[in-house]
Amino acid sequence: MVEDCPTVDLDAVVAAAGYEKVVAPDLAKLHKPEGRWIALPLQIYSTNMLFLSKRAMDKAKADKIPVTWADFNDLAEKMKAGGVTFPVANGGTRADDGQKFEASLAGISPIAYRAAIMNLDKKALEGPEIKAAFEQMRKITNWMDPNVGAQPYATNLKRFVDGDMGMMIMGGWAQGVLRNAGFKFDDFVIAPGPSDNGKPVFLLNADAFIFWQRKEPDLQAGQALMAQLVMDPAIQTMYSQITGSIPVRTDVDLSGEGWSDGQRRTAAALKDAVANNQAVLSLAHNMAQENGLTAAMIDVFTEYVKNKTITPDQAVTRLAEAVEGSR
Amino acid sequence: MTDVASTATRPGRPAISGVVGRLPEYLMIWVPLLLSAAHLISFSLWTIWISFTPSTLVPVSGWVGLRNYNAVMASRNWHIAFDNLLLFGTAFVLLSLITGLALAILLDQRIRGENVLRTIFLYPLAVSFVVTGTVWSWLLNPGIGIQKLVHDLGWTSFRFDWLVDRDMAIWTIVIAAIWQSSGFAMALFLAGLRSVDADIIKAAQIDGAGPVRTYWRVILPTLWPITITVVVVQLQFAISAFDLVRALTNGGPGIATQLPALVVYDLMFQRGQLGRGAAAAVLMLLILLAVLLPYAAWRYFQRRRATHG
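On a predicted model such as this, the values are computed, not experimentally measured, just so you know.

Peer 1: Teacher, can you tell me more about the overall build of chain A here?
Peer 2: On a plain count of helices and strands, chain A comes out with 15 helices and eight strands. By principal-axis analysis of the C-alpha atoms, chain A measures approximately 65 × 50 × 35 Å. A buried classification covers 56% of the 327 residues belonging to chain A. Within chain A, contacts between residues separated by at least 24 positions form 75% of all contacts whose residues are at least 6 apart in sequence. Within the structure as shown, chain A displays about 13,800 Å² of accessible surface, and the carbon and sulfur contribution to it stands at 55%. With 34 positive and 40 negative side-chain charges, chain A shows a spacing of 5 Å between the two charge centroids.

Peer 1: How should the overall build of chain B be read in this particular structure?
Peer 2: Tallying secondary structure elements over chain B gives 14 helices and zero strands in all. Traced from its N-terminal end to its C-terminal end, chain B shows the element sequence α-α-α-α-α-α-α-α-α-α-α-α-α-α. By its C-alpha atoms, chain B is 70 × 60 × 35 Å across when sized along the principal axes. Burial analysis of chain B (309 residues in total) assigns 39% to the buried set. Counted over contacts in chain B with a minimum sequence separation of 6, partners at least 24 positions apart contribute 68%. Entry remark: accessible area of chain B is about 17,700 Å², with carbon and sulfur atoms responsible for 69%. Taking the average location of the 22 positive side-chain charges in chain B and that of its 14 negative ones, the two points are 6 Å from each other.

Peer 1: How do you make sense of a nonpolar patch on the surface when you look at a structure like this?
Peer 2: All names here are of chain B. A cluster of nonpolar side chains, Leu23, Tyr26, Leu27, Trp30, Val31, Leu33, Leu34 and Leu35, forms an exposed patch at the surface whose accessible area comes to about 780 Å². Its location among the elements puts valine 31 in helix α2 (residues 15-50). Under the relative-accessibility criterion, valine 31 is labelled partly exposed at 42%.

Peer 1: Looking at this model, I keep getting lost on the side chain of B:Thr172. Mind explaining?
Peer 2: Residues and elements named next belong to chain B. With respect to the secondary-structure elements, threonine 172 resides in helix α8 (residues 169-194). A residue is classified by how much of its surface remains accessible, and threonine 172, at 0% relative accessible area, is buried. Engagement of the side chain of threonine 172 in a polar contact is seen with the backbone oxygen of alanine 169, the distance being 2.5 Å. Excluding its chain neighbours within four sequence positions, the residues that come into contact with threonine 172 are Leu140, Trp162, Leu163, Leu248 and Thr249.

Peer 1: I tried to follow the packing of aromatic side chains on my own but got confused; where do I start?
Peer 2: The final tally for this structure, using the stated rule, is 22 aromatic pairs over all chains. With a centroid separation of 6.4 Å and 50° between ring planes, the pair formed by A:Tyr19 and A:Trp37 is classed as tilted. Of the two residues, A:Tyr19 sits in the loop between α1 (11-17) and α2 (25-30) while A:Trp37 sits in the loop between α2 and β1 (39-46), which places them 18 residues apart along the sequence. In this pair, the class of A:Tyr19 matches that of A:Trp37, namely buried. Both rings, one in B:Phe88 and one in B:Phe92, keep their centres 5.5 Å apart while their planes meet at 10°; by these two values the pair is stacked. Taken as a pair, B:Phe88 and B:Phe92 lie in helix α4 (residues 76-107) at a separation of four residues, close to a single helical turn. Aromatic rings pair up to connect A:Phe101, A:Phe134, A:Phe301 and A:Tyr304 into one cluster.

Peer 1: Looking at this structure, how should I read helix α14 (residues 291-306) of chain A?
Peer 2: Here α14(A) contains 16 residues, and its C-alpha end-to-end distance of 22 Å stays within 8% of the 22 Å for a straight helix at 1.5 Å per residue. Along α14(A), 15 of the 16 residues are buried, which leaves the element largely enclosed by surrounding structure.

Peer 1: How should the sheet that holds strand β4 (residues 165-170) of chain A be read in this particular structure?
Peer 2: Whether parallel or antiparallel, the strands of a sheet pair through hydrogen bonds between backbone atoms. All names here are of chain A. Sheet architecture is open: four strands sit in the order β3-β4-β2-β5, paired in mixed fashion. Looking along the sheet, the strands with just one partner apiece sit at the ends: β3 (86-89) and β5 (188-191). Shown here is a sheet whose adjacent strand axes are inclined to one another by a mean of 20°, direction ignored. Strand direction decides the pairing type here: β3 and β4, joined by three bridges, are parallel.

Peer 1: So what exactly am I meant to see when it comes to the environment of B:Gln270 here?
Peer 2: Looking at where B:Gln270 falls in the secondary structure, it is placed in helix α13 (residues 260-270). Sequence spacing of B:Gln270 and B:Thr99 is 171 residues, and the spatial spacing of their C-alpha atoms is 37 Å. Contacts of B:Gln270, omitting those with residues within four sequence positions, involve A:Asn291 and B:Tyr265.

Peer 1: What is the right way to read unusual backbone geometry from this model?
Peer 2: Located in the positive-phi region is A:Lys61, a residue other than glycine, with phi close to 50°. For A:Lys61, the location among the structural elements is in the loop between α3 (54-60) and α4 (69-81). Taking the relative accessible area as the measure of exposure, A:Lys61 reaches 75% and is therefore exposed. With a phi angle near 50°, B:Arg110 is a residue other than glycine that sits in the positive phi range.

Rules behind the numbers
- Counting restarts for each chain: residues are numbered from 1 in the order of the written sequence.
- Chain A is the first chain written and ligand 1 is the first ligand written, with later ones labelled in order.
- In keeping with the predicted nature of the model, local features appear solely for residues at pLDDT of at least 70, side-chain atom pairs appear and are counted solely at 80 or more, and the whole-chain, interface and lining totals rest on all residues.
- Excluding hydrogens and water, the side-chain values take into account all heavy atoms of the structure.
- In this description a helix means any DSSP run of H or I spanning at least four residues, a strand means any run of E spanning at least two, and both kinds are numbered starting from the N terminus.
- Think of it in three bands: with a 1.4 Å probe and only protein chains considered, a residue is buried below 20% of the maximum accessible area for its type, exposed above 50%, and partly exposed in between.
- Throughout, a residue-residue contact means that at least one pair of heavy atoms, one from each residue, lies within 4.5 Å.
- Each accessible area value is a Shrake-Rupley result obtained with a 1.4 Å probe; residue values ignore everything except the protein chains displayed when judging cover.
- Positive charges come from Lys and Arg alone, negative charges from Asp and Glu alone, with His and the N- and C-terminal ends not counted.
- By convention, the point assigned to a charge is CZ for Arg, NZ for Lys, CD for Glu and CG for Asp.
- Patches in this entry comprise residues that are over 30% relatively accessible and not in a salt bridge; like charges within 9 Å are linked, as are nonpolar side chains (Val, Leu, Ile, Met, Phe, Trp, Tyr) within 5 Å.
- We define a salt bridge as a side-chain nitrogen of Lys or Arg found within 4 Å of a carboxyl oxygen belonging to Asp or Glu.
- Polar contact is defined as a pair of N or O atoms within 3.5 Å, subject to the rule that within protein one atom must be able to donate a hydrogen and the other to accept it, and that residues adjacent in sequence are counted only when both atoms are side-chain atoms.
- Centre distance within 6.5 Å is the pairing criterion for rings of Phe, Tyr and Trp, where only the six-membered ring of Trp is used; planes under 30 degrees apart are then read as stacked, over 60 as edge-to-face, and the remainder as tilted.
- Here the expected length of a helix is defined as 1.5 Å per residue gap, with one fewer gap than residues.
- Two strands are counted as paired when DSSP detects at least two bridges linking them.
- To get an axis, a line is fitted to the C-alpha atoms, and for a helix only the part in contact is used. The angle between two axes follows their N-to-C directions and goes from 0 to 180 degrees.

Put into structure tokens, the structure is as follows:
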């Protein structure tokens, strides 16, 4: 695709700013499709962060943050028993449904996720981990509110804070939405999503600016300035503190005021996940695959969420077919 | 065109000043008409060309024959969208016709407050489809809207969860679309009812026909041309329906309420498959032509019969 899309070569700007040293290697690779920088990432999210409602935790008489999917399932049962109507808070969008799958699979086995979803390995796509992920996903959907239509997750944030809904699997952007809706940090806890091997799994979703070639000198000057700003630690700090993401620069200090515990945990999770080779790219947010394949797979997930008569075995077959059909 | 021209020419005017005097009218009509025709035709041709190329994220030249068409027609999304279009198109056109006609007949009874009622029924037409879709998505959401209201009033076994029911969700789009556009049908029918010659109605009454019989045998048969206009306008809306569905269900639950226009958008802008999206758009154009060509032919023969006796 790149040869058709005339993009600006940003190598010189990036080198001048010494930016490459402070960006996670996987993320750098993603923005250098042919070995040259064509886009600059601004902020990072993990799409499988676990948001816990304090009031729902009180209802369940629980105070431990779940680490594995077994812990998560236990807590959901306790919440249900304690009077939380829907232990999992959800929306009805395609991305929402896709996130339920990617969080399940990556939490069960990041290795299987990498092989099946990122590398489209045929054997891995029909492997036992995929079936296990669909089984976990079915448990999650049974704890969700089916009455969502096409509404986004944010519709249910008040019910989540009120403890009518318990846990939300969402990216850090939900912190920005919660804060701007007037809720307090005491209302919820943010922790890395469930991971069966106990070490955090990071489902990477980065927002980036791509730079298209322009002939006009004033626009070129503007692009140079824009590139400087995107890489600037002060800009990244200001931006992430508003949105709830973490900065792309690994040298930004998150200990100060203005950062939440959730953001610090997210940054720590990224570090751990990179060290353990457990940082993978999000499918639901268009990072892991090209658009056509992503959409075909999300078709399968969204139907699976909305149609409980589909069995995990059928879903595995459908996923493999969807991948085969759009290659 | 001829209507406009004939009302402007007054008898006795010299020919030259007539042409000059009508110049603003010609400019007013022909310039926008030519511009929009050129726009429409050039973009249609461009889309048709793209549908035969291997274009993905950006348009590229090349020739792949019918590959894009085969891919679209083999896809599950398109099958669901096409079945939904048949159901939605038929149900929406018939029901909006019946609703519009019923409202028109009721309003035709020379009742008090007719102007107010007429405005109320016509008002939804002034609201954009996105607004209609969003409002109905709240009303029909079982956890927030009508179902919850009835539950809170005490009838807790009441169920109205079509929005989240895969088999019934398409009917929520029918409901919202009828709410939006039956006022349009009503307005046209009302105009038709009012233009029926009062003498004919009186003659029918003198012959002893009751109100039902008068409507059924005397008035309604004169409404055929209006009915056909309403059907054609509503059908082309049904085929190209996009914003309403996008706001109301966005093709969900799952992909149960896909419609062709959503598939086109999805292919072009979500999946980055311009060639396939263009092929789906051309297929939509063919469906539209299947509706519009018979209508144009019917109009043509009507006019011929009128002029040649």
